[in-house]
Amino acid sequence: GNGCDPQPLRFDGSTSAYYRIWLPSAFLTLVTLGLYGPWSTMRQNRYLYGHTALGRRRFSYLGDPGAPFVLRLIWIVGWALLVFVPSESATGGLVAWILFQFFLVPLMLHQGLRIKARSTALGGISCTFTGSWGEACRINFTTIVGTGLTLGVATPCFLRRALSYIYHHLRWGQRRIR
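About the thresholds
- Residues numbered from 1 in each chain as written.
- Predicted model: local features only at pLDDT ≥ 70, side-chain atom pairs only at ≥ 80, totals over all residues.
- Heavy atoms only, no water.
- Patch = residues over 30% accessible without salt bridge, like charges linked within 9 Å, V, L, I, M, F, W, Y side chains within 5 Å.
- Areas by Shrake-Rupley, 256 points an atom, 1.4 Å probe, with all protein chains shown as cover.
- Salt bridge = Lys/Arg side-chain N within 4 Å of Asp/Glu carboxyl O.
- Helix = DSSP H or I, 4+ residues; strand = E, 2+ residues; numbered from the N terminus.
- Phe/Tyr/Trp six-rings, centres within 6.5 Å; stacked < 30°, edge-to-face > 60°.
- Buried < 20%, exposed > 50% of the residue type's maximum accessible area, 1.4 Å probe, protein only.
- Axes fitted to C-alpha atoms, helices over the stretch in contact; angles between N-to-C directions.
- Parallel < 35°, antiparallel > 145°, perpendicular 65-115°, else oblique.
- Left-handed = near helix turned anticlockwise from the far one by under 90°.
- Contact = heavy atoms within 4.5 Å.
- Nonpolar A, V, L, I, M, F, W, Y, C, P; charged D, E, K, R; others polar.
- Expected span 1.5 Å × (residues − 1).
- Polar contact = N/O pair within 3.5 Å; in protein donor to acceptor, adjacent residues only side chain to side chain.

A separate point is a nonpolar patch on the surface. Together, Leu94, Val95, Trp97, Ile98, Leu99, Phe103, Leu107 and Trp133 give the surface a local cluster of nonpolar side chains, amounting to about 690 Å² of exposed area. For the nonpolar patch, the element with the most residues is helix H4 (residues 90-118), which contributes 7 residues. In this fold, leucine 99 is placed in helix H4.

Rendered as structure tokens:
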């Protein structure tokens, strides 16, 4: 057909083989207080992607742990500064929280989505994420403020908007992923 016909998703891996990868990775991640996490994710994703196919095309994981490791370090430093550095005033603490919540969190999510997409390929064709950090900031801000103002009642609406942002900006080659 036109290339948009539904294709069967198939997984041919085994639970026991996956656990032989997952168990040591989980242990090393725990022992290193999360620093081994990007290597753990890489090993697990290589197995899972390599054993998953959409139609006749097989997924592959192209990522390396370098960029996720740097993001993790930035996250840890940002969180530690927020929690452990005493502020001189309540205003300073509020400013630090606002900077963390409304700028660092969306930056980390945006960069994580870019890395995840760039690390994914289907049939040798890479994926990309085209969303902007500014849009991620706006969505994060409206989700936090809107959820708070509605006492959580509107949370599903805000989460749908966040998911729409993610899926609207995913591409496989030049095609938008639906």
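Attention now moves to the packing of aromatic side chains. Under the defined criterion, the tally for this structure stands at 12 aromatic pairs. Between tyrosine 18 and tyrosine 47, the ring centres sit 6.3 Å apart and the planes meet at 40°, which makes this aromatic pair tilted. With tyrosine 18 in helix H1 (residues 15-31) and tyrosine 47 in helix H2 (residues 37-50), the pair connects residues that are 29 residues apart, well separated along the chain. You'll find tyrosine 18 and tyrosine 47 in the same group, each marked buried. An aromatic cluster of three or more residues is present, and its members are Tyr18, Tyr19, Trp22 and Tyr47.

As a packed pair, H4 and helix H5 (residues 133-149) sit with axes 8 Å apart at the nearest point and diverge in direction by 125°. One element, H4, and the other, H5, form an angle in the oblique class. Taken as a pair, H4 and H5 cross one another with a handedness that is right-handed. Across from Gln101, Phe102, Phe103, Val105, Pro106, Leu107 and His110 in H4, the residues of H5 making contact are Trp133, Ala136, Cys137, Asn140, Phe141 and Ile144. Grouping the amino acids of the contact of H4 with H5 by side-chain chemistry returns 10 nonpolar, 3 polar and no charged.

Now for the pattern of salt bridges. Counting across every chain of the model gives 1 salt bridge. For aspartate 12, the salt bridge goes to arginine 58, with nearest N and O atoms at 2.9 Å. With a gap of 46 residues between them, aspartate 12 in the loop between strand S1 (9-11) and H1 and arginine 58 in strand S3 (residues 57-61) connect regions that are remote in the sequence.

This next bit is on unusual backbone geometry. In this structure, leucine 33 takes a positive phi of about 55° despite not being glycine. Of note, leucine 33 is situated in the loop between H1 and H2. Relative accessible area serves as the criterion here: at 75%, leucine 33 is assigned to the exposed category. Phi at leucine 151 takes a positive value of approximately 55°, unusual for a residue other than glycine. Along the chain, the position of leucine 151 falls in the loop between H5 and helix H6 (155-168).

The geometry of H1 relative to H2 is characterised by a closest axis approach of 9 Å and an angle of 175° between their N-to-C directions. The pairing of H1 with H2 is recorded here as roughly antiparallel in orientation. On H2, the residues that touch Ala17, Tyr18, Ile21, Trp22, Ser25, Ala26 and Thr29 of H1 are Gly37, Ser40, Arg43, Gln44, Tyr47 and Leu48. Its residues placed into classes, the contact of H1 with H2 shows 7 nonpolar, 5 polar and 1 charged.

So, about H1. Owing to its 3.6 residues per turn, the α-helix aligns residues three or four sequence positions apart on the same side. Helix length check: H1, at 17 residues, gives a terminal C-alpha distance of 24 Å against a target of 24 Å (1.5 Å per residue), a fit within 8%. Of all the residues in H1, the buried ones are Ala17, Tyr18, Ile21, Ser25 and Thr29. Buried residues along H1 sit against H2. Leucine 33 lies just past H1 and shows a positive phi near 55°.

With that settled, consider the side chain of histidine 110. With respect to the helices, strands and loops of the structure, histidine 110 is situated in helix H4. Residue classification places histidine 110 among the buried residues on the basis of a relative accessible area of 7%. Engagement of the side chain of histidine 110 in a polar contact is seen with the side chain of glutamine 111, the distance being 3.2 Å.

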